[in-house]
Amino acid sequence: MSKGTLDLTRYYRPHALQEAVHRSEAPVKVLEWGRRTGKSRCALWELVRVYLRSLEQPVQESQVPPFHAWVVAPSFPQSRQVWTELLAFLPGEFIADGGVHQEDRMVYLRGSEARPWGLVEVKSSFDPDTLQTAGLDFLWITEAQDVKDAAFQRLLPTLRSHGRMRRALYEGIPALWAEHWFWKMCEVAQRDGGPGYFYSHATAYESPLLNAADQAAIESDKEVMPEAVWRRMYLAERSEEAGYFRGVGDCVGGDILSQPVPGTRYVAG
């Protein structure tokens, strides 16, 4: 497989937001984009980009698979669109003969002299205990706001294996609470920047994929959605008021206690 003989523009022409992601050389990329902005298509081509680069970097025979990528969704139903796009847009030249395994949501890739073959797996984070042991060249977490902390804690060590590319892309709309790993990841990437992280924020209105009629439909959604929810979905605004419970912040006051006050009775509901 040689990237020099394949015209990838036949498959994908990134818009300005996506192009900025691909230009970055940061190993960890964090996309906090509103709905309908092209997050998953951008992530898919980041996977392709890392795969092509890996073909030029030899690995030891003991590294199996020679190239390994995971696409992790909150659940298998939420992974269906990603799996469909993977099959639709991954260039056929990359896929090994008989390499598509629908039932297991796995794709075996052609390799090079440096890396004889590769494997892309679509995984569910529903059971965190299934997300261990692997060493990954590329980790793509989709709908990151819905992936639980316990699952992310299992996933992060997969990027710490010697000899791997150790690249990651996390994409989603904002998480619903400040302690969620994706909310924290966005803050770290946004604050620190530098060579380690790339952060991008975008609203639906910045997407060139939407025409005037699409934008008008988004505006009309304000009539039937709570404002905080609408702003989270389309403007990618972080707010703990956008979940099922409203006004939580207004109900909390005083100092945070490290442990219950002796002799005090507490009731939670």
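Residues numbered from 1 in each chain as written. Predicted model: local features only at pLDDT ≥ 70, side-chain atom pairs only at ≥ 80, totals over all residues. Heavy atoms only, no water.

## Quick notes on the overall build of the protein chain
To be explicit about the condition: Labels follow the DSSP assignment, with helices taken as runs of H or I lasting at least four residues and strands as runs of E lasting at least two, numbered in each case from the N terminus. Atoms considered for the radius of gyration are the C-alpha atoms alone. The globule rule reads 2.2 Å times the number of residues to the power 0.38. Between buried and exposed lies partly exposed: a residue is buried under 20% and exposed over 50% of the maximum accessible area for its type, with that area taken using a 1.4 Å probe on protein chains only. Contacts between residues were defined by any pair of non-hydrogen atoms, one from each residue, lying within 4.5 Å. Working definition of accessibility: Shrake-Rupley area with a 1.4 Å probe, residue cover restricted to the visible protein chains. Neither His nor the chain ends is counted toward charge; the positive residues are Lys and Arg and the negative residues Asp and Glu. The atoms used to mark charge sites are NZ of Lys, CZ of Arg, CG of Asp and CD of Glu.
What the protein chain contains, in helices and strands, is eight helices and eight strands. Relative to the 2.2 N^0.38 estimate, which gives 18 Å for 269 residues, the radius of gyration of the protein chain is 21 Å and therefore close to what a compact globule would have. Along the first, second and third principal axes, the C-alpha atoms of the protein chain reach 70 × 50 × 40 Å. When each of the 269 residues of the protein chain is scored for burial, the buried share is 48%. Once local pairs closer than 6 in sequence are excluded, the contacts in the protein chain between residues at least 24 apart make up 69%. As displayed, the protein chain has an accessible area near 14,500 Å², and 52% of this comes from carbon and sulfur atoms. Looking at charge distribution, the protein chain has the averaged site of its 30 positive side-chain charges lying 2 Å from that of its 35 negative ones.

## Remarks on the layout of surface pockets
It is a probe the size of a water molecule, rolled over the atoms, that shows where empty space is left. The test is simple: A 1.4 Å probe that fits but cannot get out identifies a cavity on a 1 Å grid over protein atoms alone, an open set with protein on both sides within 12 Å along at least five of seven lines counts as a pocket, and a residue lines either if it has an atom within 4 Å of a point. Grid points are joined across faces, edges and corners, and a volume is the space filled by probe spheres set on the points. The residue classification treats Ala, Val, Leu, Ile, Met, Phe, Trp, Tyr, Cys and Pro as nonpolar and Asp, Glu, Lys and Arg as charged. All others, Gly included, are polar.
Volume-wise, the largest pocket comes out at about 460 Å³. Together, 21 residues line the largest pocket, and R36, G38, K39, S40 and E85 are the ones closest to its centre. Counting residues per element, the ones that place at least two in the lining of the largest pocket are α2 (39–54) and α3 (76–89). Its residues assigned to classes, the lining of the largest pocket shows five nonpolar, eight polar and eight charged. By volume, the second largest pocket is sized at about 270 Å³. In this structure, the second largest pocket is lined by twelve residues; those nearest its centre are L8, Y12, H22, W45 and R49. At the level of elements, α1 (16–23) and α2 are the ones that each hand at least two residues to the lining of the second largest pocket. Sort the elements by how many residues they give to the lining of the second largest pocket and α2 lands first, with five residues. Along the lines of polarity and charge, the residues of the lining of the second largest pocket split into six nonpolar, two polar and four charged.

## Quick notes on the sheet that holds strand β6 (residues 138–141)
Note the following rule: Any two strands with at least two DSSP-identified bridges between them are counted as paired. Here an axis means a line fitted to C-alpha atoms, over the contact stretch when the element is a helix, while the angle between two N-to-C directions is reported on a 0 to 180 degree scale.
Pairing in this open sheet of eight strands is mixed, and the strands run β3-β4-β5-β2-β6-β7-β1-β8 from one edge to the other. The sheet is open, and its two borders are formed by β3 (95–101) and β8 (197–202), each paired with just one other strand. Neighbour-to-neighbour, the strand axes of the sheet open up by a mean angle of 10 degrees, direction not taken into account. Running over the sheet, α2 touches β1 (28–33), β2 (67–73), β4 (106–110), β5 (117–124), β6 and β7 (167–172) and is turned about 175 degrees from β6. Packed on one face of the sheet, α3 meets β2, β3, β4, β5 and β6 and runs near 150 degrees to β5.

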